[in-house]
Amino acid sequence: MQKQYDFKKQELKWQRFWEKEGLYKFSPQKAGKVFSVDTDPPTLSGKMHLGHVSSYTHEDIIARYRRMKGENVYFPFGVDNNGLPTEKLVESINSVTLFEVGRKNFVQLCQKTISKILPEFVFGWKRIGASCDFSNIYSTISPEAQKISQQRFLELFKQGRIYQKESPTLFCPACQTAIAQAELEDKEEQTVFNDIYFGLEDGGKIVISTTRPELLASCVAVFVHPQDKRHKNLIGKTAIVPLFGQKVEILADDKVDKEKGSGIVMCCTFGDAADLDWYFKYKLPLRISITRPGELNELAGEFKGFSSKIARKMILEKLREKGLLVSQKAISHSVNVHERCGTEIEILPTKQWFIKYLDLKKQFLAQSDKLNWHPQYMKVRLDNWIKGLRWDWCVSRQRYFGIPIPVWRCKKCGKIITPSMKALPVDPLHSSPGKKCGCGSSEFIPETDVLDTWATSSLSPQIALSLIKDKKAREKMFPMSLRPQAHDIINFWLFYTLARSYLHYEKIPWRDVFISGHVLDSKGEKMSKSKGNAVDPETILEKYGADAVRYWAGKAGMGDDFRFSEEEIRQGKRTATKIWNASRFALMHLENYSLKNEDSRYLEDEDKWIFAKLNKAVKEYIVKMDNYQYPRAIEMADSFFWKDFCDNYLEIVKSRVYEPKNKETLRAARFTIYKIILGTLKLYAPFMPFVTEEVYQDYFRKTEKAKSIHLTLLPLIDKKLVFPSVANDFEQVIDAIAQIRKYKSEHRLSMKAEVESISIKAKNKAKIKKYLPLISKLMSVGKIE
RNA sequence: GGACGAUUAGCUCAGUUGGUUAGAGCGCUUCGUUUACAUCGAAGAGGCCGCAGGUUCGAGCCCUGCAUCGUCCACCA
């Protein structure tokens, strides 16, 4: 063993070793109950971030623990490289826009770019010691994933759960696609609240307030509050929209806020979600004046062709000229923007594909009940979301790099034609149904929309399991054992997966759900690129090593967000060093020792005591780990290793190994050291896989046989080595030592200083008597009373 | 506005079904070159357990109300 533990060199070495040996390769034939993890495929981006480090450390701790419990762990790895985020990444890496290169070339460029950047991206996960089966990585855009996704789409189509409908949809004018409610983000924006005169048909005028005067051409009604005395007389009258002249009815609805502006509001198709509600509720006419790219159309007359921003200025100018602009007030309000690009969204009627599922709320809630939630209170979030669902699931996107919706439409009769399951995956743009339509026509219009990313990632269990070739084994593995994920996507990924699983199989997708939190900066604020407070994992890994960073992550409990703490990482590094140092000392005394079980016959009381301590620690460790309370488990390991073993046992046993009274006591000490060190390493192995492997390989591998510490089983202590009453009595020795240390400390003495006599308090004097010589020798005390 | 969570030592957090003097790590103070480790060891200081009521022989833990913070959802002309 070297003198210093060089984590950088060693971590890389063991990572390569694990990979080369295929340590974490899954095979259904291996022994043990299968424990399968529906891992969260990270969205492909240039680099892993600290959130990935922490969430994968949590999963990995669980996976490694289960492996050491003798379970056959399936811990797959995938990347989410489907859809808009990947498009954006590819555009920025190659400095092109998809409009420049065209759809077909762009899709190819995406594939090419992905395979180029993937290895480096994945290396991040290997580096932190994730024990995934990297020999077989899945991708959410692979032909296999496409096949699975299209297959399930067609299944639902046949069940009558897929329909296409023209409907007002959330639409991003910059990305040119429909987006989901989940993709919305709030953004605080400075804007101007304008009071504008509307005419009345019977003469007179009213003032309405709006932040979006560019939508005047789309105005279809004016609303007041039914209990608003000021405006009660207006109800039922007709107003005339300035500049555009359309006549609109004045209606009453209690959604109107009397306090806001003049208390009179215009309703446009569509300014926001409230307009949408009114449109349906009062069956208002449809007046669309904004095109998909976010420009005004012919309905806006002279403003046609201008972007909504410019048109807003022009319209305000015109209103001002005509004396129709009463007043303006700068306000700050929050608007809905697309999370990917920050563009304000529009609501536009477009034709989209939906999965019908609003009728299944009850069933979904029942599925949620069947899951084992960790922590339990997170369940409420899902349940509230399910109860509050208002729309069916819009699964179509007007994008390019995604999984194509596998349908054609007959040019003649309009019937929807689907491919055969065997033909999947298909891209309708580049293939044909291969059969005639029922009406005899063989001309088809291909569907150009692709599926929403969630429509595919909701099938992650199916995609992950598709890597297992043995069909019988694969089917036995569903439902999977565990879904680990963060709390922010409970309403999306977790919900959608649960929903799909019910729609297709009427089963829950997994038994356990484990929810983790987000990494915050050291002040407790959210990390984000824009704030510039994001910590780069690479710097931190360079500085402290993966074991240390994992130690920090392992201290974060379920559900809660937790802070980045360099202090805690330093503590992790100290722990790794301590493990290495204690092992170095121990192994020094184990040279030329070969473990013999009969040595346990000569165990001294301190040996029995430390075995009892380890036994207790292991038992509690297992309880905590089984409940996903790994921060409590690592505390068990810490306090056993640091306090009981290093500070007390090793100090006591030193005299025995340096100057043994006889062979037997030396052998017993060596036996104990061997067992305890190995046991300690095993407790730490899920948390600090590198340093524990280093020590294991250095000494224990030749006797323990297992190729790696990560293939060994938990240190369950042989009952024959546990003597509770002896251990209990010996506890008094520890207590006495503490008292003597305190005395010396208070008298500013070195621990080595000789003391003539001392009196200590003991609970049971009779039982401590036989230990007095031991204590007096150990603590350099002449006489103890 | 609705839901959920949090509030315990200077900081980050434990505290099991209510039961003696409330714990850990870090930080701080003092001491110690003890043959694995100064990346160490020993000792110490430091807490009206957010506030106010209630239940109980007994409350950090149970109940009610309030306050503050956080998260998610809704609203956002």
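To be clear, the structure that these remarks concern was listed above.
Rules used in this analysis
- Residues numbered from 1 in each chain as written.
- Chains lettered and ligands numbered in written order.
- Predicted model: local features only at pLDDT ≥ 70, side-chain atom pairs only at ≥ 80, totals over all residues.
- Heavy atoms only, no water.
- Axes fitted to C-alpha atoms, helices over the stretch in contact; angles between N-to-C directions.
- Helix = DSSP H or I, 4+ residues; strand = E, 2+ residues; numbered from the N terminus.
- Parallel < 35°, antiparallel > 145°, perpendicular 65-115°, else oblique.
- Contact = heavy atoms within 4.5 Å.
- Near = heavy atom within 4 Å.
- Phe/Tyr/Trp six-rings, centres within 6.5 Å; stacked < 30°, edge-to-face > 60°.
- Buried < 20%, exposed > 50% of the residue type's maximum accessible area, 1.4 Å probe, protein only.
- Lys NZ or Arg CZ within 6 Å of the ring centre and 35° of its normal.
- Pairing = 2+ DSSP bridges.
- Nonpolar A, V, L, I, M, F, W, Y, C, P; charged D, E, K, R; others polar.

1. Some points on the packing of helix α16 (residues 546–554) against helix α21 (residues 689–704)
At a minimum axis separation of 7 Å, α16 and α21 run at an interaxial angle of 130°. One element, α16, and the other, α21, form an angle in the oblique class. Residues Ala546, Asp547 and Arg550 of α16 form the contact with α21, whose participating residues are Pro689, Phe690 and Val691.

2. Description of the protein's contact with RNA strand B
Residues in close proximity to RNA strand B total 52 residues, the closest being Gln181, Ser209, Asp272, Ser334 and Tyr658. For RNA strand B, the backbone portion of the atoms within 4 Å of the protein, that is sugar and phosphate, comes to 71%. Among the elements of the structure, β7 (184–200), β8 (205–210), β13 (325–338), α10 (379–387), α14 (490–505), α17 (566–588), α19 (630–658) and α22 (724–746) are those that each provide at least two residues to the surface near RNA strand B. Per-element accounting of the surface near RNA strand B gives the leading share, 10 residues, to α17.

3. Focus on the packing of aromatic side chains
Summed over all chains, the structure comprises 43 aromatic pairs. Aromatic pair Phe270 and Tyr279: ring centres 5.0 Å apart, planes at 90°, arrangement edge-to-face. What makes Phe270 buried here is its relative accessible area of 2%. Taking 5.3 Å as the distance between ring centres and 85° as the angle between the ring planes, the aromatic pair formed by Phe730 and Tyr771 counts as edge-to-face. Separated by 41 residues along the polypeptide, Phe730 in helix α22 and Tyr771 in the loop between α23 (765–768) and α24 (772–778) bring together distant segments of the chain. For Phe730, a relative accessible area of 0% puts it in the buried group. Taking the relative accessible area as the measure of exposure, Tyr771 reaches 5% and is therefore buried. Cluster of aromatic residues (ring-pair linked, three or more members): Tyr357, Phe364, Trp385, Trp393, Trp454, Phe492, Phe495, Tyr496 and Tyr502. We note Lys205 situated over the ring of Tyr197; from NZ or CZ to the ring centre the distance is 4.2 Å.

4. Details of the sheet that holds strand β19 (residues 416–417)
Here three strands make up an open sheet; going across it, the order is β19-β18-β20 and the pairing antiparallel. Each of the sheet's edge strands pairs with one partner strand only, and the pair in question is β19 and β20 (444–446). One ladder, built from two bridges, connects strand β18 (residues 408–410) with β19; its direction is antiparallel. In the strand pairing of β19, Trp408 is matched with Ile417.

5. Looking at the pairing of strand β5 (residues 162–172)
Where β5 and strand β14 (residues 346–355) come together, 10 bridges link them in antiparallel fashion. Pairing of Lys165 across the sheet is with Gln352, part of β14. Note that β5 and strand β6 (residues 177–178) share two bridges and pair antiparallel. Along β6, the bridge assignment pairs Cys172 with Thr177. Taking the residues that link successive antiparallel strands as the turn, the β5-β6 hairpin has four residues, and the phi of Gln176 there is positive, at about 60°.

6. Points about the packing of helix α9 (residues 361–370) against α14
Between two packed helices, what matters for the description is the angle formed by their axes and the separation of those axes. At a closest axis distance of 10 Å, the pairing of α9 and α14 adopts a crossing angle of 110°. On the basis of their axis angle, the class for α9 and α14 is roughly perpendicular. Contact with α9, carried on its side by Gln363, Phe364, Gln367 and Ser368, involves Phe495, Leu498, Ala499 and Tyr502 of α14 and no other residues of that element. In the contact of α9 with α14, the residues fall into five nonpolar, three polar and no charged.

Treat this as a map of the structure, not an account of what it does.
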